[in-house]
Amino acid sequence: MAHVIAVAGKGGVGKTTLCGLLIQYLGEQGKGPILAVDADANSNLNEVLGVEIDSTLGDIREEIARSEMEKNNPIPAGVSKADYAEFKFANAIIEEDDYDMLVMGRTQGKGCYCYVNGLLQAQLQKMQNHYPYIVVDNEAGMEHISRGVLPGMETAILVSDCSRRGVQAAARIAELIKECNMKPKTVGLIVNRAPGGVLNEGTKEEIEKQGMTLLGVVPHDDQVYEYDCDGKPTISLPENSPVKKALKEIVDRLEL
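Residues numbered from 1 in each chain as written. Predicted model: local features only at pLDDT ≥ 70, side-chain atom pairs only at ≥ 80, totals over all residues. Heavy atoms only, no water.

Draft legend 1. Region of the structure containing the sheet that holds strand β5 (residues 133–138). Reading across the sheet, the 8 strands line up as β3-β4-β2-β5-β1-β6-β7-β8 and stay open at both edges, with mixed pairing between neighbours. Single-partner strands in this sheet number two, and they are β3 (94–95) and β8 (214–219). With 6 bridges connecting them, strand β6 (residues 155–160) and strand β7 (residues 186–194) associate as parallel partners. Across the sheet, the residue bridging to Ile157 is Gly188, located in β7. Along the sheet, helix α7 (residues 164–179) contacts β1 (3–8), β6 and β7; its crossing angle with β6, the most-contacted strand, is approximately 160°. (Pairing = 2+ DSSP bridges. Helix = DSSP H or I, 4+ residues; strand = E, 2+ residues; numbered from the N terminus. Contact = heavy atoms within 4.5 Å. Axes fitted to C-alpha atoms, helices over the stretch in contact; angles between N-to-C directions.)

Draft legend 2. Here's a closer look at the pattern of salt bridges. Going through the model one piece at a time under the given rule, you end up with 12 salt bridges. Where Lys15 meets Asp40, a salt bridge forms, and the shortest distance between an N and an O atom there is 3.9 Å. Here the residue Lys15 occupies a position in helix α1 (residues 15–28), and Asp40 occupies one in the loop between β2 (34–39) and α2 (45–49), the gap between them amounting to 25 residues. Each of the two residues, Lys15 as well as Asp40, counts as buried. In this structure, the salt-bridge partner of Glu201 is Lys204, at a minimum N-O distance of 3.5 Å. On the criterion of helical spacing, the pair formed by Glu201 and Lys204 is a turn pair, its members being 3 residues apart in helix α8 (residues 201–210). For Glu201, a relative accessible area of 56% gives the class exposed. On the basis of relative accessible area, Lys204 is assigned to the partly exposed category, the value being 39%. (Salt bridge = Lys/Arg side-chain N within 4 Å of Asp/Glu carboxyl O. Buried < 20%, exposed > 50% of the residue type's maximum accessible area, 1.4 Å probe, protein only.)

As structure tokens, then:
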């Protein structure tokens, strides 16, 4: 059974950046092959990792949904929709040296994401025994936890910025994990983008008030912003990057 690491937090706190750097570091430590899962409908983990997406689970769902209405049906004669879907799902996996990547994506237009959530859950159940680690970049909220999409969870890394609201959002996710009886071995908080890598007293107070376990602090670094603006993968930050160094220290303490 894979060691599932779920990365979650409110939107805009940098969880996808940290998730990508975590995947890179685990690969460098020989922990691969890792299954990297972008479970955010607004997917951009691939940009942090510097890989191109050919298709997502949502794209495949839409293609099959349209197949019955199109004159030039993409499904070959004699092939069932189920078999065609499995073929397409297998080909949607992006293969890199240290990790494979699966992207949930989204449905087109209006409507909820229930169907693609179900597709993701089914694929993870099939694949969980083929990887020692599965790292999941969750959407900005709690849906994948509340719906039971993840195949268990060994480590929950909750990410916040230095705001009280970010810490409160992380605490709500931690409480939901308890309510869903998921029982990970580790549930902890990383505070990201801290000026000078130091927490102010208000943030410390809120963390203590919420009863959160602080895994570590990642400093603010303008270079992360510059790489994003220039379209450079975040994982290509230099090894002396304070963000990379801080995250590596946190991962080493977790003993993943």
